[in-house]
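# Structural description and commentary
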Amino acid sequence: MEQNRRNFLKASGLIAGGALLTPLTGHGFNSSVDETIRVALIGCGGRGTGAAAQALSTNQNVQIVAMADAFKDRLDESYKNLTAKKYKNAAGTVVDTNTKVNVPDDRKFVGFDAFQKAIALKDVDVVILATPPGFRPSHFEEAVKNNKHIFMEKPVATDAPGIRKVLEVAEEAKKKKLNVVVGLQRHYQANYREAIKRIHDGAIGDIVGGQVYWVGSSPWMKERVAGQSEMEYQMRNWYYFNWLCGDHISEQHVHNIDVANWVKKGYPVQIQGTGGRQVRTGKAYGEIFDHHTLDLTYADGTVISSQCRQFEGTWNKVDEAFVGTKGRIDSFDGKKTALKDYKGGVIYQHDDKGDKNPYQVEHDELFAAIAKGEYKFADAENGAKSTMTAIMGRMATYSGKMIKWEEALNSDINLFPDKLAWDASPKILPGPDGLYPVAIPGKTQVI
């Protein structure tokens with residue numbers, strides 16, 4: 001009966017999708033807005049909870065049916081927050097939360113293997129992967145192996161071996177026609193879509209330079225709690241350890257670096273830069289730098305400059321700007337998004353009235369495609385290569401060397417622990433003074 005139902009839905013998806021899109025095949029698809037699309041949430045922190053709420057706020061009948069996290073308290077808090085919200089069904093009517101969040105205790109999985117148990121559930125159609133990014137390659141691999149459509153947060157790995165795994169699995173996802181959306185949400189933001197389409201159409205000529213920024217203040221930090229093992233402490237304070245986070249150049253600045261790659265329609269062939277720990281030097285800040293400045297050099301010789309830092313009380317900017325042979329764009333900030341020629345004339349001015357939240361749009365479009373039986377999204381390859389660009393930037397600042405794309409991608413330095421257990425040791429440990437070893441440009445080896 002289940003297979004007959006899915007075959008019928010596949011046929012209806014063919015009719016709805018027409019000739020422009022590829023129909024879904026295999027398992028884990030839905031093709032009717034009247035049918036429930038069942039979701040497993042893997043990673044129940046703030047971003048995972050937000051992504052789940054956005055999935056539940058689409059026009060499709062979406063239901064969270066499983067949750068997984070390494071920590072029970074994180075899962076419980078996420079469940080509490082999700083069940084406290086109001087959601088609508090496909091008809092736009094506010095519904096009882098239980099019809100949207102239906103996760104009994106036997107579908108709440110805790111521990112390092114929790115993701116496998118949730119992803120393996122036969123009735124799960126889509127997985128949301130929102131753990132710290134060091135886990136993303138193995139979770140992505142498991143999801144594709146189990147024929148699930150995927151929303152996964154950026155960045156998608158923290159080292160080159162992880163990137164190579166994501167690229168390998170991305171090819172398998174394409175073969176299986178599994179939709180994969182990566183949370184580089186600017187690709188789903190109207191002003192970026194409209195402006196970059198015109199840039200690619202030649203509105204400001206050939207791109208010959210640019211700047212990308214994520215300069216702001218520090219995010220959260222978790223102090224060590226008495227009785228925590230080293231593994232638990234690093235997992236709780238994951239932002240400040242490279243095997244989990246990849247440094248803030250990957251975790252945050254990947255957004256802006258990805259825009260540079262998007263505009264240039266390619267990835268840097270080499271990167272050099274500088275960085276360090278100038279302000280944020282205490283024990284609780286692990287091993288990551290607090291600032292990075294890079295030159296990204298593309299195949300045609302174009303150099304895009306990149307800055308990211310986390311200093312309190314300083315000038316802030318999260319934006320991108322590009323210079324072309326016929327004009328420029330100075331900002332992608334809402335109504336300020338404008339392509340201009342060098343005489344001050346406006347080539348294109350974006351009107352952001354009515355623009356939707358891109359975090360919501362990426363879910364709206366993903367779940368709409370699944371409901372119609374369409375294969376439409378294959379974001380994993382670009383997500384991996386833009387993440388690799390950020391990792392390559394980290395390699396450049398940590399080493400002080402000029403880093404080439406191929407040598408970076410082929411690096412065998414694996415940051416991930418040899419064993420995942422609460423009593424196991426991560427590869428980086430504090431010294432007698434409680435401080436973690438930090439990269440020293442000119443001495444640290446990254447390849």
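Residues numbered from 1 in each chain as written. Predicted model: local features only at pLDDT ≥ 70, side-chain atom pairs only at ≥ 80, totals over all residues. Heavy atoms only, no water.

The name given to the chain in an unreviewed UniProt entry is Gfo/Idh/MocA family oxidoreductase, with Dyadobacter flavalbus as the source organism.

## Observations concerning the domain arrangement of the chain
Test applied: These domain limits were set by an automatic method or by a database of domain assignments. Every residue pair with non-hydrogen atoms within 4.5 Å of one another is taken to be in contact. Accessible area that two parts lose when put together, evaluated with a 1.4 Å probe and summed over both, is termed the buried area. A pair is scored as a salt bridge if a Lys or Arg side-chain nitrogen falls within 4 Å of a carboxyl oxygen belonging to Asp or Glu. Any pair of nitrogen or oxygen atoms within 3.5 Å is treated as a polar contact; in protein, a donor-acceptor pairing is required on top of that, and neighbouring residues in sequence qualify only through side-chain atoms on both sides. Helix numbers and strand numbers start at the N terminus; a helix is a DSSP run of H or I with at least 4 residues, a strand a run of E with at least 2. The nonpolar class holds Ala, Val, Leu, Ile, Met, Phe, Trp, Tyr, Cys and Pro. Asp, Glu, Lys and Arg form the charged class, and all remaining residues, Gly among them, are polar.
Domain assignment breaks the chain into domain 1 (37-186) and domain 2 (191-353 + 378-410). On the domain 2 side, the residues contacting the 32 residues of domain 1 number 37 residues. Taken together, both faces of the contact between domain 1 and domain 2 bury some 2700 Å²; the carbon and sulfur share is 68%. Connecting domain 1 to domain 2 are four salt bridges. Salt-bridge contacts for Asp73 lead to Arg236; the nearest nitrogen and oxygen are separated by 3.0 Å. Counting the contacts that link domain 1 with domain 2 gives twelve residue pairs in polar contact (both at pLDDT 80 or more). Residue assignment for the side of domain 1 that touches domain 2 shows that the elements contributing at least two residues are α3 (72-83), α6 (160-176) and β9 (180-182). With eight residues, α6 is the single largest residue contributor to the side of domain 1 that touches domain 2. Grouping the amino acids of the side of domain 1 that touches domain 2 by side-chain chemistry returns 20 nonpolar, four polar and eight charged.

## Considerations on the layout of surface pockets
Spelled out, the test is: In this analysis the probe radius is 1.4 Å and the grid spacing 1 Å, with only protein atoms considered; a cavity is a set of points the probe fits into but cannot get out of, a pocket is an open set with protein on both sides within 12 Å along at least five of seven lines, and lining residues have an atom within 4 Å of a point. Grid points are joined across faces, edges and corners, and a volume is the space filled by probe spheres set on the points.
Roughly 930 Å³ of volume is contained in the largest pocket. Lining the largest pocket are 42 residues; nearest its centre among them are Gly45, Gly46, Ala130, Pro132 and Trp238. Of all elements in the fold, only α2 (46-56), β3 (62-69), α3, α4 (114-119), α5 (136-145) and α8 (230-236) reach the threshold of two or more residues within the lining of the largest pocket. Residues from two domains meet in the lining of the largest pocket; each of domain 1 (37-186) and domain 2 (191-353 + 378-410) gives at least three.

## What to know about the state of the cysteines
This is how it is decided: Note on terminology: disulfide denotes any pair of cysteine sulfur atoms within 2.5 Å.
Going through the model one piece at a time under the given rule, you end up with zero disulfides. Summary of cysteine pairing: Cys44 is not part of a disulfide, and the nearest cysteine sulfur, belonging to Cys245, is at 19 Å. Cysteine Cys308 remains unbridged, with the sulfur of Cys245 as its closest cysteine sulfur at 11 Å.

## Notes on the side chain of Glu142
Quick reminder of the rule: Using a 1.4 Å probe on the protein chains alone, a residue whose accessible area is under 20% of its type maximum counts as buried, one over 50% counts as exposed, and one in between counts as partly exposed.
Within the secondary structure, Glu142 sits in helix α5. Owing to a relative accessible area of 13%, Glu142 belongs among the buried residues under this scheme.

## Quick word on the UniProt feature "domain: Gfo/Idh/MocA-like oxidoreductase N-terminal" (unreviewed entry) in the chain
Basically, it comes down to this: UniProt positions are given in the numbering used here, feature names are shortened, and annotations may be inferred rather than shown by experiment.
Within this structure's numbering, the places UniProt gives as "domain: Gfo/Idh/MocA-like oxidoreductase N-terminal" (unreviewed entry) are residues 37-176. End C-alpha atoms of residues 37-176 are separated by 18 Å, and the span's content is 40% helix alongside 21% strand.

## Looking at the pattern of salt bridges
This model, assessed by the stated rule, comprises 24 salt bridges. Of the charged contacts, one joins Asp105 and Lys108 as a salt bridge, the two residues approaching to 3.5 Å between their closest N and O atoms. A relative accessible area of 64% places Asp105 in the exposed class. Among the charged side chains, a network of salt bridges with common partners joins Glu171, Lys174, Glu381 and Lys385.

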